[in-house]
Amino acid sequence: MKVSYNRLWKRLIDESMMKRDLRLKAGLTTNVIAKIGKNEHVSTEVICKICETLGCNVDDIIEFIPEDK
């Protein structure tokens, strides 16, 4: 299953935040932000930090996309 973080990027725009702001407020590394930017999987700890920072739920920032077989 693929993952898409497009909802996260839209939410950041809606909150007038940049990736850098999220990284600093959530205590994330630049590598984690890069992985998210490439729609790669990250740990649930990272997802929790982002949700706590933005005051949202997982489905507000992530979309799971079934892979074609």
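For the structure, see preceding data.
Residues numbered from 1 in each chain as written. Predicted model: local features only at pLDDT ≥ 70, side-chain atom pairs only at ≥ 80, totals over all residues. Heavy atoms only, no water.

Caption draft 1: Expanded view of unusual backbone geometry. Of note in this structure, S16 is not a glycine but carries a positive phi near 55 degrees. Residue classification places S16 among the exposed residues on the basis of a relative accessible area of 67%. We note that N39 has phi near 55 degrees; this positive angle belongs to a residue other than glycine. Along the chain, N39 falls in the loop between α3 (30-37) and α4 (44-54). (Buried < 20%, exposed > 50% of the residue type's maximum accessible area, 1.4 Å probe, protein only. Helix = DSSP H or I, 4+ residues; strand = E, 2+ residues; numbered from the N terminus.)

Caption draft 2: The arrangement of the state of the cysteines in detail. Across all of its chains, the model carries zero disulfides by this definition. C56 carries a free sulfur, and the closest cysteine sulfur to it, the one in C51, is 4.2 Å from it. (Disulfide = S-S within 2.5 Å.)

Caption draft 3: Quick peek at the pattern of salt bridges. Across all of its chains, the model carries three salt bridges by this definition. Residue R11 pairs with E15 through a salt bridge whose shortest N-O separation is 3.6 Å. When its relative accessible area of 23% is taken as the criterion, R11 is described as partly exposed. Exposure remark for E15: the relative accessible area of 39% places this residue in the partly exposed category. One salt bridge in this structure joins K49 and E45, with 3.9 Å as the shortest N-O distance. Taken together, the residues span about one helical turn, with K49 and E45 both in helix α4 at a distance of four residues. A residue is classified by how much of its surface remains accessible, and K49, at 29% relative accessible area, is partly exposed. Residue classification places E45 among the exposed residues on the basis of a relative accessible area of 52%. (Salt bridge = Lys/Arg side-chain N within 4 Å of Asp/Glu carboxyl O.)

Caption draft 4: Here's a closer look at the nonpolar core. Formed by 21 residues in total, the largest nonpolar core has its most connected members in Y5, L8, L22, I36, I50, L54 and I61. Taken together, the elements giving at least two residues each to this core come down to α1 (6-14), α2 (19-26), α3 and α4. A per-element tally of this core places α4 first, with five residues. Not counting chain neighbours up to four residues away, the residues in contact with Y5 comprise I36, N39, E40, H41, V42, I47, I61 and I62. (Core = buried A, V, L, I, M, F, W, Y, C linked by side-chain atoms within 4.5 Å. Contact = heavy atoms within 4.5 Å.)

Limitation: the analysis is restricted to geometry and does not speak to function.
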